[in-house]
Structure formats: C-alpha cells, structure tokens
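So you can see what is in the structure, the chains are spelled out below.
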Amino acid sequence: MKEAYLYKKLKDKAVQCSLCNRRCKIPEGGRGNCQVRENIRGTLYAMTYAKPCSVNTDPIEKKPLFHFLPGTETLSIATVGCNLHCQHCQNWEISQAAWEAGPQREVPPSEVVRLAGEYKTPSISYTYTEPTIFYEYAKDTSVLAHKQKIKNVFVTNGYMTKEMLKDYKELDAANVDVKGNEEFYKKVCGGVEMQHVLDSIKRMKRNKTWVEVTNLIIPGQNDDNASILQISEFVHDLDPNMPLHFSAFFPAYKMRNTNPTPRETLVKAREIALESGVKYVYCGNTYPGDPFENTHCPNCGEALIKRHGFALLESHVDKGKCHSCGQKIAGVFK
Ligand code: SF4
C-alpha cells in the first residue's frame, strides 16, 4: 500500500479523497466507495498499489484505440476496484472486488516498465477496471515509462477530478466510455453524473491527450436515438476528428437477462453519428471482419486501415496522411 496522492485531512482523523468526483469523505477506519482506498489512523492509503490483478499484452485495438499507434501491442495492467457500479459491467469479477480480494503479490512500477521493454510494447495501458482508483500506481509507472519513451494509455469511465487530470501530465491517450444519458448514469451506473465525464474529455483534449470515445449500447437501456444523438453531437462539437466507437453489449453481471445488441442497432448509431458530422465512427464487438471496423479517409473514402477483429491487416496511412488523396488522418501514427 502507499499513501494516496490527492486527498485532504479533515477534522477527527477523517479524510476526503479527490481522485474521482465522488469525493468520498472517509472516517478513520473507513474506506472509499471504490473499496480500495482506506483511512488508517487519519492517513489515506491506496491499498492496491503495485498489486495488479491482471498483466497482459493486448493489441491497442482492443482498448479500443484505432488511431493511436495502430497495429502495436500494449502492456496492460489493472488492480481490483472501481468507482462506478454499472449493472452491465463486463469485468465485474475484478472491478467490483474490494482490495483484500485481489492478489497481494507485488509488481512495482519499475517491473511494469521493464516488462514493457522486454515485450517491446510502445505503450502501457491502465485498463480492465477503472485506473483512476489506482492512480498512484499508474502515475508512478507512467513517469518511469516516459523516461523509456513508452507512452501511457487510460481506458477509463472518465469520472476522475480536474485535480487528477492536472497532475497527470504523462497521459498520452485515453479511451473514455460515455455510457448513456444523464438518466442512464443515475439509474445503471451507481448514481453518478454524466457531466463530470464530459468535462474530463474536454480537459483531456485541452491537455493534448489523444482521446477516443466508446458508447456500449444496451437494448432497451441506452439504444434510443436521442441518447445516441446526444453523444454524437458532443463528440462532433468538441472535435469531429475524435473517433467514436459503438460497441455491442453481451449479457453480464446484473444484466444477464438482457439480450445482446443486434448489429443493426450499431449500424443505425453509426449513421446518426456520421450525419452529426463525426468523421471516424466504428462498430465493435460484432464479428471479426466487420467492415465498420475499418478506417476510411474522410475526404476520398478510401479504406485506409483494414482490420480483422483486433488484428490490423493493412494500413495505407502514410506519414499521417491518406496515401490516395493526401488528406491528413487524425491520430498518432508511428
Ligand atoms: S477514488 Fe475511491 S475513495 Fe476516492 S473519491 Fe473515488 S470512489 Fe471515493
């Protein structure tokens, strides 16, 4: 465990965490809503520091990031815990666990960076659960990673505070989940506010972090045109070049009795986003080889990056431009 980075001490040995917008006030002996930050005798500790429950290499496309170092692998780590409690969570076994339930074996930041070097991954992803709740581990790892010219990626619900994003200067790229409308966040995600997520995306963009947005669509929950249009217009108004991924839901956790998302729903969402002016829109989690996982030039329509599942089959982006018409393609390319 490690003393938390962003918190303040209150009266009577209570503390207030300022990592995420829940801003938990925690009495002595208590823990935060995420179940991994504990007040021990008036000091807040990150209990999962350097205790990952997952260490893997993944294609960066799995995050999904389609315009950030496409075709590369990323070292991916997570600890248990989350600050949201979405009824449809696909990783609930680790995200909804308290710190004691996670592995206690330590993998320090230096070892994570060494592994990235050994596997030659140009990035490290903080992913699977919510990396905001293990920020101290991610931050320390990120600082060391940058010294080795390795980039840092957050796959996040975007519920972190402005203080955290101000502190996290080493964040290079993020995929932020925008889950639905305000009502969906209140009803399905554990009583949180959508606006904080949108504000985080705006701050990341101001910080020059590369951002892509994912919207997991669940039948009967957030598949209405108004909800999809709201997210599409947000992306368009902030930056029409910001990629938007519509992803299919599969039954999980407290939504085991909900049907998977039909592909037609994602196709309809894609049309709404394109009509809103978003330039790069994808359908994910359907079937390997879905043509709507390919990247097209927004100017001439050429299929520039062809994918099959998480594999990149071919790329015709040349120095960040379409090889056919020379249009600049938004993203971070090698
Ligand atoms: S990170 Fe955890 S303890 Fe801190 S405010 Fe969020 S839920 Fe509460």
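See the structure printed just above.
Residues numbered from 1 in each chain as written. Predicted model: local features only at pLDDT ≥ 70, side-chain atom pairs only at ≥ 80, totals over all residues.

## Observations regarding the sheet that holds strand β5 (residues 37-40)
The strand order across the open sheet formed by three strands is β1-β6-β5, and the pairing between neighbours is antiparallel. Looking at the sheet topology across the chains shown, the edges are occupied by β1 (2-3) and β5. Where β1 and strand β6 (residues 43-46) come together, two bridges link them in antiparallel fashion. When the bridges of β6 are listed, Lys2 appears paired with Ala46. (Pairing = 2+ DSSP bridges. Helix = DSSP H or I, 4+ residues; strand = E, 2+ residues; numbered from the N terminus.)

## Description of the sheet that holds strand β2 (residues 7-9)
Taken in spatial order, the three strands of this open sheet run β2-β3-β4, and their pairing is antiparallel. The sheet terminates laterally at β2 and β4 (25-26), the two strands that pair on one side only. The sheet contact formed by β2 and strand β3 (residues 15-17) spans three bridges and is antiparallel. Directly across from Lys9, in β3, lies its bridge partner Val15.

## A look at unusual backbone geometry
The omega torsion of the bond from Lys63 to Pro64 falls at -10°, within 30 degrees of zero and hence cis. Locating Pro64 in the fold gives a position in the loop between β7 (54-59) and β8 (73-78). With a phi close to 60°, Lys149 is a non-glycine residue in the positive phi region. Mapped onto the secondary structure, Lys149 falls in the loop between α3 (135-147) and β10 (151-156). Accessibility expressed as a C-beta count within 10 Å gives 7 for Lys149, which makes it exposed. (Buried ≥ 20, exposed ≤ 12 C-beta atoms within 10 Å, placed from the backbone.)

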